[in-house]
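# Summary of the model geometry
These are the residues of each chain, in order.
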Amino acid sequence: QVQLVESGGGLVQPGGSLRLSCTASGGSISSMRWYRRTPGNQRELVAGIRGRDSVTYADSVRGRFTISKDNAKNTMYLQMNSLKPEDTAVYYCNVFSVHPDFRDYWGQGTQVTVSS
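All of the points below concern the structure found in this document. (Residues numbered from 1 in each chain as written. Predicted model: local features only at pLDDT ≥ 70, side-chain atom pairs only at ≥ 80, totals over all residues. Heavy atoms only, no water.)

## Quick word on the environment of arginine 62
One can find arginine 62 in the loop between β6 (54-57) and β7 (65-70). Separated by 17 residues in the primary sequence, arginine 62 and leucine 45 have C-alpha atoms spaced 12 Å apart. (Helix = DSSP H or I, 4+ residues; strand = E, 2+ residues; numbered from the N terminus.)

## Observations concerning the nonpolar core
Formed by 28 residues in total, the largest nonpolar core has its most connected members in Leu4, Trp34, Val46, Phe65, Leu78, Met80 and Tyr91. Those elements giving two or more residues to this core turn out to be β3 (18-25), β4 (28-37), β5 (43-50), β7, β8 (75-80), β9 (89-99) and β11 (110-114). (Core = buried A, V, L, I, M, F, W, Y, C linked by side-chain atoms within 4.5 Å. Buried < 20%, exposed > 50% of the residue type's maximum accessible area, 1.4 Å probe, protein only.)

## Some details on the pattern of salt bridges
Under the criterion given, the structure shown has 4 salt bridges. Between aspartate 87 and arginine 36 there is a salt bridge, with the nearest N and O atoms lying 3.0 Å from each other. A residue pair is termed long-range when its members are at least 10 positions apart, and aspartate 87 in the loop between β8 and β9 and arginine 36 in strand β4 qualify at 51 residues. Here the two residues aspartate 87 and arginine 36 agree in accessibility, since each one is buried. (Salt bridge = Lys/Arg side-chain N within 4 Å of Asp/Glu carboxyl O.)

## Brief notes about the pairing of strand β1 (residues 3-7)
Alternating residues of β1 divide into Leu4 and Glu6, all buried, and Gln3, Val5 and Ser7, none buried. Relative to β3, β1 is paired through 5 bridges, and the arrangement is antiparallel. Residue pairing across strands places glutamate 6 opposite cysteine 22, the latter belonging to β3. (Pairing = 2+ DSSP bridges.)

## A word on the sheet that holds β8
Taken together, the 4 strands give an open sheet; going across it, the order is β1-β3-β8-β7, and neighbouring strands pair in antiparallel fashion. On the outer flanks of this sheet lie β1 and β7, each paired with one strand and no other. Between one strand and the next, the sheet's axes are offset by a mean angle of 15°, whatever the strand orientation. The pairing of β7 with β8 spans 6 bridges and is classified as antiparallel. Residue pairing across strands places serine 68 opposite tyrosine 77, the latter belonging to β8. (Axes fitted to C-alpha atoms, helices over the stretch in contact; angles between N-to-C directions.)

## Observations concerning the state of the cysteines
Using the criterion set out here, one finds 1 disulfide in the structure. In this model, cysteine 22 is linked to cysteine 93 through a disulfide, with the two sulfur atoms separated by 2.1 Å. Because the sign of the S-S torsion sets the handedness, a value of about 55° for the bond joining cysteine 22 and cysteine 93 places this disulfide among the right-handed ones. Residue cysteine 22 is found in strand β3, and its partner cysteine 93 is found in strand β9; the two are separated by 71 residues along the sequence. We note that cysteine 22, like cysteine 93, is buried. (Disulfide = S-S within 2.5 Å.)

In structure tokens, the structure reads:
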């Protein structure tokens, strides 16, 4: 069974930066994504990396956020710069496992609050 551990959330001023981490253990991962759920209960895909390092971003974060991964550590990151109040949300990592099973796993979520 794959285990995911998220970290890096917190309170930051507008214009500030945070770096989220998500570490997977117990399986082989084929793709990784970051989702967020806003206080208005909207859920959206923020960024993803899959296959041959194909990367996608939501229009709202493109140019400000960067998704990356460290294969040796089985960890993905979301570098968030120029944060805005509308980035406030609970951020969840999601990975797709190809071993020992074929399914996706969700992290516990980490709160990001952007406020002055």
